[in-house]
Amino acid sequence: MMVPVTDLAKDNIPTRKQRVVVLGSTGSIGTNTLDVVSQLPDRFEIVGLCARSKRAELFRQAEQFRPQWVALTEDRDTSTEGLPRGTELLHDPEEVAKR
């Protein structure tokens with residue numbers, strides 16, 4: 001990643017957080033990714049989480065990371081109960097692709 005010199009702190013870490021979307025956030029690779037991100041909160045910001053159908057787990061992740069949106073691609077239930085305020089619920093994969 002190329003970062004302008006003005007965007008680097010003295011230890012060469014970018015001063016702006018990297019915005020991250022995790023596709024498959026409830027799977028093993030997704031949960032491992034979120035574990036890493038949780039250890040580096042000054043470097044990464046989760047802006048979106050996507051899962052196929054594990055609604056309860058996805059909503060727990062949303063509570064922890066407070067993304068702008070979450071997506072459930074195989075669950076058409078539009079209930080947002082349990083989702084943090086301000087987090088948008090998407091269902092259509094094309095909506096996710098536009099983000």
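For the structure itself, consult the block above.
Here is what the cut-offs are and how they apply
Residues numbered from 1 in each chain as written. Predicted model: local features only at pLDDT ≥ 70, side-chain atom pairs only at ≥ 80, totals over all residues. Heavy atoms only, no water. Helix = DSSP H or I, 4+ residues; strand = E, 2+ residues; numbered from the N terminus. Buried < 20%, exposed > 50% of the residue type's maximum accessible area, 1.4 Å probe, protein only. Contact = heavy atoms within 4.5 Å. Areas by Shrake-Rupley, 256 points an atom, 1.4 Å probe, with all protein chains shown as cover. Pairing = 2+ DSSP bridges. Right-handed = clockwise from strand over helix to strand, strands pointing away. Axes fitted to C-alpha atoms, helices over the stretch in contact; angles between N-to-C directions. Parallel < 35°, antiparallel > 145°, perpendicular 65-115°, else oblique. Left-handed = near helix turned anticlockwise from the far one by under 90°. Core = buried A, V, L, I, M, F, W, Y, C linked by side-chain atoms within 4.5 Å. Arc of directions from axis to C-beta.

*Asks:* Quick rundown of the overall build of the protein chain? Include the residues and the values.
*Replies:* Across its full length, the protein chain carries 3 helices and 4 strands. Sequence-ordered secondary structure for the protein chain, helices as α and strands as β, is β-α-β-α-β-β-α. Burial status across the protein chain gives 34% buried among its 99 residues. Here the contacts in the protein chain between residues at least 6 apart in sequence split such that 34% fall between residues at least 24 apart. With an accessible surface of roughly 6700 Å², the protein chain has 49% of that area assigned to carbon and sulfur atoms.

*Asks:* Residues and numbers for the pairing of strand 2 (residues 44-51), please.
*Replies:* Here strand 2 lies mainly inside the structure; 6 of its 8 residues are buried. With 6 bridges connecting them, strand 1 (residues 18-23) and strand 2 associate as parallel partners. Counted as the bridge partner of Val 20 is Ile 46 from strand 2. Handedness of the strand 1-helix 1 (residues 28-39)-strand 2 crossover: right-handed. Here strand 2 runs beside strand 3 (residues 69-72); their pairing, made up of 4 bridges, is parallel. The residue of strand 3 that forms the bridge with Gly 48 is Trp 69. Between the parallel pair strand 2 and strand 3, the chain is carried across by helix 2 (residues 55-65), and the sense of this crossover is right-handed.

*Asks:* How would you sum up the packing of helix 1 against helix 2? Please name residues and give values.
*Replies:* Where helix 1 meets helix 2, the axes come as close as 12 Å, and the angle between the chain directions of the two elements is 15°. In terms of their interaxial angle, helix 1 and helix 2 are classed as roughly parallel. Once helix 1 is placed against helix 2, the crossing between them reads as left-handed. Touching Thr 31, Leu 34, Val 37 and Ser 38 of helix 1 are Glu 57, Gln 61, Gln 64 and Phe 65, all from helix 2.

*Asks:* A description of the nonpolar core should follow, citing residues and the corresponding values.
*Replies:* Ile 46, Leu 49, Leu 58, Phe 59 and Val 70 are the most contacted members of the largest nonpolar core, which has 15 residues in total. Considering every element that reaches this core, the biggest residue donor is helix 2, with 4 residues. For Val 70, the residues in contact, after removing those within four places along its chain, are Leu 49, Leu 58, Phe 59, Ala 62, Leu 83, Thr 87, Glu 88, Leu 89 and Leu 90. One finds Cys 50, Ala 71, Leu 90 and Val 96 within the second-largest nonpolar core, a separate group that totals 5 residues.

*Asks:* A description of helix 2 should follow, citing residues and the corresponding values.
*Replies:* All of the buried residues along helix 2 are Arg 55, Leu 58, Phe 59, Gln 61, Ala 62 and Phe 65. Down the axis of helix 2, the buried side of the element spans an arc of 155°, and every buried residue falls inside it. Projecting away from the buried face of helix 2 at angles above 90 degrees are the exposed residues Arg 60 and Gln 64. Where helix 2 is buried, its residues meet helix 1, strand 2, strand 3 and strand 4 (88-90). Arg 66 occupies a position one or two residues after helix 2 and carries a positive phi of about 50°.

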